[in-house]
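# Geometric and topological summary
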Amino acid sequence: MLFRSSAAEQLARDQAAKKKADETASQERARKEQELITKLNLLCKNGDFVGFGQEIEAAKAFLGDVSSILTKVDGLKQKYFVDQIGKAKDADAARDAYQAFLDAAAEAGWDVDAVSMVYADRRLTLLQNETAGSGSVSDRSEEHTSELQSLAYLVCRLLLEKK
């Protein structure tokens with residue numbers, strides 16, 4: 001009888017130790033995942049997508065499936081590009097930021113409609129500000145006039161596609 005009791009007690013201790021080890025491992029994984037997300041946020045804010053990819057590859061070794069992290073970071077990456085478009089000081093900078101977004105979107109398979117609207121709105125505002133500061137309508141360059149017209153066309157087209 002003493003032997004059965006000792007075996008049962010040992011089994012209970014082993015199960016308790018395994019449960020504690022599992023909890024500790026789970027907490028460690030959560031801590032490492034949070035550290036990774038913090039690093040990835042910083043890399044995205046800085047536009048360092050090469051470093052981002054390297055961190056993800058390194059994370060696969062200890063985290064295994066990182067698809068949930070990739071989903072979170074994909075949203076951050078898109079937000080980075082939208083922020084860059086919004087921070088553009090002139091129409092050319094907005095165009096360059098939008099082109100960088102389109103390049104990343106083509107690689108990642110993102111839907112570009114929403115960001116295209118942000119870009120069109122920002123670029124239109126910048127072009128209007130530039131032309132308003134130049135004085136009369138005749139002072140506008142042909143390039144700016146055609147860009148204003150093409151942006152209006154783009155906005156209309158995107159709005160019609162949404163319907």
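Data block above holds the structure.
A brief report on the enclosed structure follows. (Residues numbered from 1 in each chain as written. Predicted model: local features only at pLDDT ≥ 70, side-chain atom pairs only at ≥ 80, totals over all residues. Heavy atoms only, no water.)

Helix and strand counts for the protein chain stand at 6 helices and 0 strands. Secondary structure elements of the protein chain occur, N-terminal to C-terminal, as α-α-α-α-α-α. Here the protein chain holds 163 residues, and the buried ones make up 25% of them. Put simply, 60% of the contacts in the protein chain that link residues at least 6 apart link residues at least 24 apart. Here the protein chain displays about 10,900 Å² of accessible surface, and carbon together with sulfur accounts for 56% of that area. (Helix = DSSP H or I, 4+ residues; strand = E, 2+ residues; numbered from the N terminus. Buried < 20%, exposed > 50% of the residue type's maximum accessible area, 1.4 Å probe, protein only. Contact = heavy atoms within 4.5 Å. Areas by Shrake-Rupley, 256 points an atom, 1.4 Å probe, with all protein chains shown as cover.)

This paragraph deals with helix H3 (residues 67-87). With 21 residues, H3 extends 30 Å between its outermost C-alpha atoms, agreeing within 8% with the 30 Å of an ideal straight helix rising 1.5 Å per residue. Buried within H3 we find Ile69, Val73, Lys77, Tyr80, Phe81 and Ile85. Considered in projection along H3, the buried side chains sweep an arc of 155 degrees and stay on one side of the axis. (Expected span 1.5 Å × (residues − 1). Arc of directions from axis to C-beta.)

Scanning the model with the defined rule gives 6 salt bridges in all. A salt bridge links Arg95 to Asp92; the nearest nitrogen and oxygen atoms lie 3.1 Å apart. Placement of the pair is Arg95 and Asp92 together in helix H4 (residues 91-108), with a separation of 3 residues, close to one helical turn. The class for Arg95 is partly exposed, based on a relative accessible area of 34%. (Salt bridge = Lys/Arg side-chain N within 4 Å of Asp/Glu carboxyl O.)

With 27 residues, the main nonpolar core has Leu40, Phe52, Ile69, Phe81 and Phe101 as its most contacted residues. For this core, the secondary structure elements donating two or more residues are helix H1 (2-45), helix H2 (49-63), H3, H4 and helix H5 (113-133). Top contributing element to this core by residue count: H4, with 6 residues. Filtering out sequence-adjacent residues up to four positions away, Leu40 remains in contact with Phe52, Glu55, Ile56, Ile69 and Val73. (Core = buried A, V, L, I, M, F, W, Y, C linked by side-chain atoms within 4.5 Å.)

For the rest of this paragraph, the subject is the packing of H3 against H4. Running from N to C, H3 and H4 point in directions that differ by 160 degrees, and their axes come no closer than 8 Å. Comparing the axis directions of H3 and H4 gives the class roughly antiparallel. Here H3 runs over H4; the crossing is left-handed. Here Asp74, Phe81, Gln84 and Ile85 of H3 come into contact with H4, specifically with Ala94, Ala97, Tyr98, Ala100, Phe101, Ala104 and Ala108. (Axes fitted to C-alpha atoms, helices over the stretch in contact; angles between N-to-C directions. Parallel < 35°, antiparallel > 145°, perpendicular 65-115°, else oblique. Left-handed = near helix turned anticlockwise from the far one by under 90°.)

We now examine H2. Compared with an ideal rise of 1.5 Å per residue, which puts 15 residues at 21 Å, H2 spans 20 Å between its outermost C-alpha atoms and is within 8% of the ideal. Following H2 by one or two positions, Gly64 has its phi on the positive side, about 75 degrees.

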